[in-house]
Amino acid sequence: MAEGDRLTESPSGQRGVPDFVGRPGPSAYHRLNPLTKATLATATAIAAVALGGLVGPIVLVTAAVIGPALAAGVLGRLVRTALLLSLPIAVSAFLVNLFFFPGASQVLLRIGPITATAEGLGFAAEILVRILAISGAVTLFYLTTRPADMTVDLERRGISPRVAFVTNASVQTVPAMVERAGQITAAQRARGLDTEGSLWRRIRGVLPIVGPVILGSIAEVEERTMALEARGFTRPGRRTLLWAPPDTGAERLIRWAVLLGLVALIAARIGGWLG
Amino acid sequence: MAELRAEGLVHVYRDGGVRALDGVDLAIAPGQRVALIGQNGSGKTTLVRHLNGLLRPTEGRVTVDATDAASLTVAQLASRVGLVFQDPDRQIFAGSVRAEVEFGPRNLGRSGSALGSAVADALAATGLVGEEETNPYDLGQSRRKLLAIASVLAMRTPVVVLDEPTTGQDARGVERVRAVVEGVAAEGRTVLAISHDMRFVAETFERIVVMRAGRIVGDGTPETVFGADAWEALRSTYLEPPLAAVLGDRFGMGSTPTDTSLIEALLA
Amino acid sequence: MTISLAGVGYRYAGATAPALLDVDLELRDGEVLGLVGASEAGKTTLCLVVSGLAPRTVGGQIRGAIRLDGEDVDAWPMHRISERVGIGFQNPATQLSQVTGSVFEEVAFGPMNLALPRDEVAERTWSALESLRIDTLAERDPVRLSGGQQQLVALAGLLAMRPEHLVLDEPTAQLDPAGTRLVADAIERLAADGASILVAEQKTDLLAAICSRVVVLDGGRVAQLGPAAEVLGDRRLRDLGVAEPSAVRLQRAAEAAGVHDARLSEALAGG
């Protein structure tokens, strides 16, 4: 199959695959191949750790996370999501290092028995930037890549359609179970199950909810399986893809360059050339 | 006895902002047999879930027995309004029919012989006598629906609400549901049922409420609701009157929503 | 093109009693065969057996012979049968793959699995959507459609496989009257186009309108098989747990009450 093309009018005049299938993303960054974006995210995360000091990681976050996020129009969501993701660990790491950095002498602030030190502040800042770099890189990938695009790309590269399906479908599992649990809770409350009372009552109320959730989910899996089999799902071998995210020579080059750069960086770090 | 009232009831779902109820006024006297009809999305399920507090009004008020439902918890309302959900598999969790039916009344504080007789009566009404120790999943889908009904009947609530009780039932199942409705009504308790089966509705209920797009667009006896004057309103909500009503009108017999009423008109 | 069952019996894995016994049946090209019976009479089991899901996916043991155009399918794997026989179920939501973002991709799912060339996949998908008049829904998210619309999407997904036979297990059971009408009209059109369909339903009014023959199952056996009007008009139907069509019921009630009205007879005979 030719890469990333989509027939809208085939020679015989038949209708083809419509435009909305595999709709390309809104920005150039979105439209990068998922593997490229994954490579960039992974490399950014690893580089954040490999780079020493404070300046390096800050530049990295700006160039590899904030810059692309701005270009892709997802900066707002990125900041919110990445902060949400990393807040607990970031705050605790920051505070621990600020106040309890060993061997520090330059005191900045004293609150009762604990002291904030300048060395601690420096180290805390370094940790913080790295945490933000990693969560930012992961979030950027997540915000600019549709799960379906990723699995289709993997399938085009050779993974079995059945594996691709399971990957996609498992994303749906948790929301579906949550929804089912909500409905079951409603039905049991209608029979007097007390979900607003004491803790002990609420604990006792778990079984009448968990039971049907599990049994029902299992029964549903059975029905779904039959429906899939009836549509040729278990036919061995590959299947036709209507669309796959394009991959270009330039992107392949970028991926290799990034990987080599990362290896060089790690080598430099280990070799002590970066201090 | 419990009178049910909805006054200016509006419900907007928080996720999606769908205005599922758009100003509903309804009063149901104790002991009435009421059917609620309308296409999916018309607000029927949303409305009945306000009666036992599972949903709370965005605007307006719901009162059960002159008490504002907002002042009662769902567990408290469950002792007054019993609601049977459409899908029994979203409710059944016990290993035996008996345990399943006992769950509701136990939650309401019943025990001992009061519990035993409530359960026995419920099983008798739904044709499940003898299946006390059976695993609910060894019953067929149709009988599991009756089990779900039994488990609410055993709570002996003054009001019983059934959400699509005849969906997926065979002929015997439908008959059984009809008998349940009549049995509950005979005890002076209120029955409210959502149904898509127009003939079942015309033959079993004394009052029919028609909903469309979150509002009540029809409310009356089967004669009124299935009479020719109301057909346009009915069809605007994609419902059709029963065959007997259509033929009765064709023959100039007036409004004959049931087979019996048509035949009586022909004999007259 | 015919599916024929000869002496077919089936027992679910771990069950003591067979769910089907001694079934002789033929589903002929271009006919709509109605399937009725009390709950647990074996309707769903029969649908699973005819479509090949039993025993292949569901397990259990099968006896007797099932032949597609004279060829015994006993050794055929599921995907080979699914190209010839499609099966639809009553729950609209569980028939969706849930991994597709549009109705078009959902309907294309089957042909894609068959590894057909891409323009053929597209062509089959458009044909299926058009034959059920849902081509306007092509871009919509399947998960957000009404139950009736989802059933049509599921049906289109089956049609896109271009099966010779279609088995539908209570397709309108979970639908409201509007959804029921959508699906019933679609089945009628397919039948008129010469499709061969086995449809199980409790709604005998619906079957009376679209079926040429009807089979009644009772306790896993064929209790009756014949022309629709005859089977659905048979007085034993109710004893077999099946509600007669409205017209038949009215006719009988009138006779029992001693009403002999020409207008009524004419109206009921006209259907």
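About the criteria used
Residues numbered from 1 in each chain as written. Chains lettered and ligands numbered in written order. Predicted model: local features only at pLDDT ≥ 70, side-chain atom pairs only at ≥ 80, totals over all residues. Helix = DSSP H or I, 4+ residues; strand = E, 2+ residues; numbered from the N terminus. Buried ≥ 20, exposed ≤ 12 C-beta atoms within 10 Å, placed from the backbone. Contact = placed C-beta atoms within 7 Å. Nonpolar A, V, L, I, M, F, W, Y, C, P; charged D, E, K, R; others polar. Pairing = 2+ DSSP bridges. Right-handed = clockwise from strand over helix to strand, strands pointing away. Domains from an automatic or database assignment. Axes fitted to C-alpha atoms, helices over the stretch in contact; angles between N-to-C directions. Parallel < 35°, antiparallel > 145°, perpendicular 65-115°, else oblique. Left-handed = near helix turned anticlockwise from the far one by under 90°.

## Here's the deal with the overall build of chain A
- Check the secondary structure of chain A and you find nine helices and two strands.
- With the principal axes as the frame, chain A shows a C-alpha extent of 75 × 65 × 30 Å.
- Looking at chain A as a whole, 32% of its 275 residues qualify as buried.
- Taking the intrachain contacts of chain A between residues at least 6 apart in sequence as the baseline, contacts between residues at least 24 apart amount to 69%.

## Overview of the interface of chain C and chain B
- Of the residues lining the interface, 27 residues belong to chain C; the matching set on chain B comes to 26 residues.
- Contributing elements (two or more residues each) for the side of chain C that touches chain B: α7 (177-192), α10 (246-256) and α11 (262-270) of chain C.
- In terms of residue count, α10(C) provides more of the side of chain C that touches chain B than any other element does, six residues in total.
- A breakdown of the residues in the side of chain C that touches chain B according to their chemical character gives 14 nonpolar, seven polar and six charged.

## As for the pairing of strand β8 (residues 196-200) of chain C
All names here are of chain C.
- Of all five residues in β8, five are buried; the element is thus mostly enclosed.
- The alternating pattern of β8 places S196, L198 and A200 and I197 and V199 on opposite faces, both of which are buried.
- Sheet topology note: the strand β3 (residues 32-37)/β8 ladder contains four bridges and is parallel. Among the inter-strand pairings, L35 is bridged to a residue of β8, identified as A200.
- Crossover connection from strand β7 (residues 165-169) via α7 to parallel β8: handedness right-handed.

## With respect to the domain arrangement of chain A
- Examined at the domain level, chain A breaks down into domain 1 (34-145 + 248-270) and domain 2 (152-229).
- Between the C-alpha centres of domain 1 of chain A and domain 2 of chain A the distance comes to 36 Å.

## With respect to the packing of helix α6 (residues 147-159) of chain C against α7(C)
Residue and element names in this part refer to chain C.
- Two elements in contact, α6 and α7, have axes whose closest approach is 8 Å; the angle formed by their N-to-C orientations is 20°. One element, α6, and the other, α7, form an angle in the roughly parallel class. Of the two elements, α6 crosses α7, and the hand of that crossing is right-handed. The residues of α7 that touch α6, namely those facing G147, G148, Q151, L152 and L155, are A178, G179, L182, V183 and A186.
- The residue makeup of the contact of α6 with α7, split by class, is six nonpolar, four polar and no charged.

## Description of the interface of chain C and chain A
- Contacts between the two partners involve 38 residues from chain C and, on the opposite side, 33 residues from chain A.
- Those elements that place two or more of their residues in the side of chain C that touches chain A are α3 (78-82), β6 (85-88), α4 (103-113) and α5 (118-131) of chain C.
- Of all the elements, α4(C) adds the most residues to the side of chain C that touches chain A, at seven residues.
- Here the residues of the side of chain C that touches chain A are counted per class, giving 17 nonpolar, 15 polar and six charged.

## Concerning the environment of D218(C)
Residues and elements named next belong to chain C.
- On the secondary structure map, D218 appears in strand β9 (residues 213-218).
- The exposure class assigned to D218 is partly exposed, which follows from the 18 C-beta atoms found within 10 Å.
- As a C-alpha pair, D218 and S127 span 91 residues in sequence and 38 Å in three-dimensional space.
- If sequence neighbours within four positions are ignored, D218 has contacts with G37, A41, A223 and L240.

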